[in-house]
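# Chain and residue survey
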Amino acid sequence: MAFKPLHDRVLVRRIEGEDKTKGGLIIPDTAKEKPAEGEVIAVGEGARKDSGELIAPSVKAGDRILFGKWSGTEVKLDGEDLLIMKESDILGLMG
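Residues numbered from 1 in each chain as written. Predicted model: local features only at pLDDT ≥ 70, side-chain atom pairs only at ≥ 80, totals over all residues. Heavy atoms only, no water.

## Quick look at the pattern of salt bridges
- According to the stated counting rule, one finds nine salt bridges in the structure shown.
- Ionic pairing is found between D8 and K86, a salt bridge with its closest N-O pair at 3.2 Å. Linking D8 in the segment before strand 1 (9-14) with K86 in strand 7 (residues 80-86), this pair joins segments that are 78 residues apart in sequence.
- The exposure class assigned to D8 is buried, which follows from its relative accessible area of 18%.
- By relative accessible area, K86 is classed as partly exposed at 35%.
- Across the pair R13 and E80 runs a salt bridge whose closest N-O atoms are separated by 2.4 Å. Taken together, the residues span a long stretch of sequence, with R13 in strand 1 and E80 in strand 7 at a distance of 67 residues.
- Judged by its relative accessible area of 25%, E80 is partly exposed.
- Three or more residues joined by partner-sharing salt bridges are found here, namely R13, E39 and E80. (Salt bridge = Lys/Arg side-chain N within 4 Å of Asp/Glu carboxyl O. Helix = DSSP H or I, 4+ residues; strand = E, 2+ residues; numbered from the N terminus. Buried < 20%, exposed > 50% of the residue type's maximum accessible area, 1.4 Å probe, protein only.)

## Focus on a nonpolar patch on the surface
- A grouping of L66, L91 and M94 is seen on the molecular surface, where their side chains present a nonpolar patch of about 280 Å² in accessible area.
- Note that L91 resides in strand 8 (residues 90-93).
- Among the residues examined, L91 registers a relative accessible area of 65% and is labelled exposed. (Patch = residues over 30% accessible without salt bridge, like charges linked within 9 Å, V, L, I, M, F, W, Y side chains within 5 Å. Areas by Shrake-Rupley, 256 points an atom, 1.4 Å probe, with all protein chains shown as cover.)

Now the structure itself:
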């Protein structure tokens, strides 16, 4: 993929949740919520302070993250549904 986010933006692929509950019930597609977990695909170079100094991003490609339910902008690149969001929309890293 030939896409590079700019500034403090991050390209994310959603990680789909389970199709069954812990009790074994199958969840239909219409009842599923969009997952708020994803994998970082690409990261911009970072934000800049007013002085022009670069603030390096806290995430890197391959990191698993949690983000807000309404975070990001949905885009389709190379036929794949992805999200572009600001690094500040990321809530945390998954261990």
